[in-house]
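For reference, the chains in residue letters:
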There are 2 protein chains.
Amino acid sequence: MTRAAEGRTRRAAGELTPVEARIMRAAVRLFAEQGFDGTTVQQVVDAAEVTKGALYHYFESKDDLLYEIYHSLIAIQLAGAERILAAGAGPAETVRALVVDLVETTAAHVDEAAVFGREMHKLAAERMAAVRADRRRYHEAFRGVVERGQREGVFRAEPPAETVTLVALGVVNQLPSWYRPDGPKPPGQLGAEIADFVLAGLRPD
Amino acid sequence: MTRAAEGRTRRAAGELTPVEARIMRAAVRLFAEQGFDGTTVQQVVDAAEVTKGALYHYFESKDDLLYEIYHSLIAIQLAGAERILAAGAGPAETVRALVVDLVETTAAHVDEAAVFGREMHKLAAERMAAVRADRRRYHEAFRGVVERGQREGVFRAEPPAETVTLVALGVVNQLPSWYRPDGPKPPGQLGAEIADFVLAGLRPD
DNA sequence: GCGCGCCGACCGACCAGTCGGTACGTGCGT
DNA sequence: ACGCACGTACCGACTGGTCGGTCGGCGCGC
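What you are looking at is a predicted structure, and each value in this text was computed from that prediction instead of being measured.

In the UniProt entry, the feature "domain: HTH tetR-type" (unreviewed entry) is given for residues 17–77 of chain A. Each end of residues 17–77 of chain A is marked by a C-alpha atom, and these two atoms are 23 Å apart; helix forms 79% of the span and strand 0%.

Pasting the structure below:
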């Protein structure tokens, strides 16, 4: 059995050999800078200081790298959402926590997020479906919190919950195009400001 | 002089020969579906029912097509912004008109917007600079309106104008990833709902 | 001395862009 | 009225180069 096949399950469990980690780090950086198609496998192995043989020993294909990048990001974000939802706070506090967490994790993984946003559509149909399902789960969980707040009367009823969700998740998905780690505002503050603005649009008269 | 060189100025003035228009339409659709690098020049010419010779007669390179796509979109959007700003309405009405116009033009040119968002970074340095400058102009014009409303007291002072701008333009830029022309809500309504929500976040207590 | 982990030259496919050529309309000298 | 020269529009086989992926081999630990 080659490591490439075995690797899928091992990596799915979050375990990475040092060589795999180096390859992933190099791939994410290069894909973010130059795009997936604009980056050659040779550039990745050079940057990771390994050889093509090693890369294809651990990964099945170039596409495989793309999927792993998505996977490492979505796993973190869904875990955050589940943790926050499970805490069982009120709608306002939950929305705030969700937005702040999303902004912080996205900022901490800007390269992954940038690659994901730009190249998601290049995934094979099957993997694409898995991605879409995860995204929709997040989207619906968020909208559910907004709807609950509206039913309970802690949020204004007028803005369609769907629109609020689109706006909130929209900024976050767009974040890689303007966020700079060395910018003046730390991610936590950015998240808080965005959350405040979203909640301001929801506060009852 | 080849048409490819002449074409730059002629196309900049908004004039397109029928052949150029066919090529552009095919290119936009294919780039939106498969990405820029994922689309071959041969596919474009086949879809446009012309030959490679014709394409390279009218365009200098594949990159040229990308730039023309951007150009046709940004020209419309900046024109809309200037028209609205020139109308001289109050901050609230101006913000609303800006958002609605942006959503409507983006929806009317989803393919262009999708390609632009994903492949902008592939532009050559010089053209990239021109793009960035235009985007910043739009961004700053929008923020300026928000700041004016805050100074005049018609908007709440708390949300940083920069954050409001990031949120408003963020949804619009993200629109190609979820908007479907055959969806239940027409673009005008979508724009109105988003504008309402943004203005709700700005309305004074 | 055997096999796992890795090496890297090489292969076949593919692709942007080229270029020698064709077809046709226009104007001009006779 | 005719034909010749010229420019524009377009054609499509071909080239030079690139890239993802392969595979026979090799060295080191056991």
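Residues in contact with DNA strand D amount to 14 residues; listed here are only the nearest, A:Lys52, A:Tyr56, A:Lys62, B:Thr51 and B:Tyr58. Each atom of DNA strand D within 4 Å of the protein was classed as base or backbone; sugar and phosphate made up 64%. Between DNA strand D and A:Thr39, the relevant distance is 3.3 Å, taken from a phosphate oxygen to a main-chain nitrogen or oxygen of the residue. Taking B:His57, its side chain carries an N or O atom lying 3.5 Å from a phosphate oxygen of DNA strand D. Counting residues per element, the ones that place at least two in the surface near DNA strand D are helix 4 (52–58) of chain A together with helix 4 (52–58) of chain B. For the surface near DNA strand D, the element with the most residues is helix 4 of chain B, which contributes 4 residues.

Attention shifts here to the packing of helix 6 (residues 91–108) of chain A against helix 8 (residues 125–152) of chain A. Residues and elements named next belong to chain A. Axis separation between helix 6 and helix 8 bottoms out at 9 Å; the angle between their running directions is 155°. Of the possible angle classes, the one that applies to helix 6 and helix 8 is roughly antiparallel. The chirality of how helix 6 crosses helix 8 is left-handed. Contacts between helix 6 and helix 8 involve Pro 91, Thr 94, Val 95, Leu 98, Val 99 and Leu 102 from the former and Tyr 138, Phe 142, Val 145, Val 146, Arg 148, Gly 149 and Glu 152 from the latter. Residue composition of the contact of helix 6 with helix 8, grouped by class: 9 nonpolar, 2 polar and 2 charged.

On to the UniProt feature "DNA-binding region" (unreviewed entry) in chain A. Residues given the UniProt feature "DNA-binding region" (unreviewed entry) here are residues 40–59 of chain A. In this annotation, residues 40–59 of chain A is assigned 75% helix and 0% strand; the end-to-end C-alpha distance for the span is 15 Å.

A few words now on the pattern of salt bridges. A side chain of one charge can pair with a side chain of the opposite charge if their charged atoms are brought near each other. Residues and elements named next belong to chain A. Tallied over the full model, the rule gives 32 salt bridges over all chains. A salt bridge links Arg 137 to Asp 134; its shortest N-O distance comes to 3.4 Å. In this pair, Arg 137 and Asp 134 are both assigned in helix 8, 3 residues apart and thus about one turn of the helix distant. In this structure Asp 134 comes out as buried when scored by relative accessible area, which is 18%. Residue Arg 143 is joined to Glu 162 by a salt bridge in which the shortest nitrogen-to-oxygen separation is 2.7 Å. A residue pair is termed long-range when its members are at least 10 positions apart, and Arg 143 in helix 8 and Glu 162 in helix 9 (residues 161–174) qualify at 19 residues.

Our next topic: the interface of chain B and chain A. Contact residues are listed per partner, giving 29 residues for chain B and 29 residues for chain A. For the pairing of chain B and chain A, the buried interface totals around 2600 Å² over both sides, and the portion due to carbon and sulfur atoms is 66%. On the chain B side of the interface with chain A, the three residues burying the most area are B:Val167, B:Phe197 and B:Arg203, jointly 25% of the side's total. In this assembly, chain B and chain A are joined by 2 salt bridges. Put simply, A:Arg203 and B:Asp205 hold a salt bridge, and the shortest N to O gap is 2.9 Å. Where chain B meets chain A, there are 5 residue pairs in polar contact (both at pLDDT 80 or more). Secondary structure elements with two or more residues in the side of chain B that touches chain A: helix 2 (18–34), helix 9 (161–174) and helix 10 (187–202) of chain B. At 8 residues, helix 9 of chain B tops the list of elements feeding residues into the side of chain B that touches chain A. Along the lines of polarity and charge, the residues of the side of chain B that touches chain A split into 12 nonpolar, 9 polar and 8 charged.

Residue and element names in this part refer to chain A. Here the domain parsing of chain A yields domain 1 (3–60) and domain 2 (64–202). The straight-line distance from the C-alpha centre of domain 1 to that of domain 2 is 27 Å. With both chains or domains summed, domain 1 and domain 2 bury close to 1300 Å², and 70% of this area falls on carbon and sulfur atoms. Our count for the contact surface shared by domain 1 and domain 2 stands at 1 salt bridge. For the salt bridge of Asp 37 with Lys 122, the shortest nitrogen-to-oxygen distance reads 3.3 Å. In this structure, the connection of domain 1 to domain 2 is made through 5 residue pairs in polar contact (both at pLDDT 80 or more). Every element with two or more residues in the side of domain 1 that touches domain 2 is listed here: helix 1 (3–12) and helix 2 (18–34). The dominant element in the side of domain 1 that touches domain 2, judged by the number of residues it contributes, is helix 2, at 7 residues. The class makeup of the residues in the side of domain 1 that touches domain 2 is 10 nonpolar, 1 polar and 5 charged.

Right, let's talk about the protein's contact with DNA strand C for a bit. Close contacts around DNA strand C come from 13 residues, with A:Thr51, A:Tyr58, B:Val41, B:Lys52 and B:Tyr56 the closest. When the atoms of DNA strand C within 4 Å of the protein are grouped by moiety, sugar and phosphate amount to 65% of the total. Here a phosphate oxygen of DNA strand C and a side-chain polar atom of A:Thr51 are 2.5 Å apart. Interatomic distance of 3.0 Å between a backbone N/O atom of B:Lys62 and a phosphate oxygen of DNA strand C. Elements supplying a minimum of two residues to the surface near DNA strand C: helix 4 of chain A together with helix 4 of chain B. Top contributing element to the surface near DNA strand C by residue count: helix 4 of chain A, with 4 residues. For the surface near DNA strand C, the per-class residue count stands at 4 nonpolar, 6 polar and 3 charged.

What counts as what
- Residues numbered from 1 in each chain as written.
- Chains lettered and ligands numbered in written order.
- Predicted model: local features only at pLDDT ≥ 70, side-chain atom pairs only at ≥ 80, totals over all residues.
- Heavy atoms only, no water.
- UniProt positions renumbered as here; feature names shortened; annotations may be inferred.
- Helix = DSSP H or I, 4+ residues; strand = E, 2+ residues; numbered from the N terminus.
- Near = heavy atom within 4 Å.
- Polar contact = N/O pair within 3.5 Å; in protein donor to acceptor, adjacent residues only side chain to side chain.
- Axes fitted to C-alpha atoms, helices over the stretch in contact; angles between N-to-C directions.
- Parallel < 35°, antiparallel > 145°, perpendicular 65-115°, else oblique.
- Left-handed = near helix turned anticlockwise from the far one by under 90°.
- Contact = heavy atoms within 4.5 Å.
- Nonpolar A, V, L, I, M, F, W, Y, C, P; charged D, E, K, R; others polar.
- Salt bridge = Lys/Arg side-chain N within 4 Å of Asp/Glu carboxyl O.
- Buried < 20%, exposed > 50% of the residue type's maximum accessible area, 1.4 Å probe, protein only.
- Buried area = accessible area lost by both parts, 1.4 Å probe.
- Domains from an automatic or database assignment.

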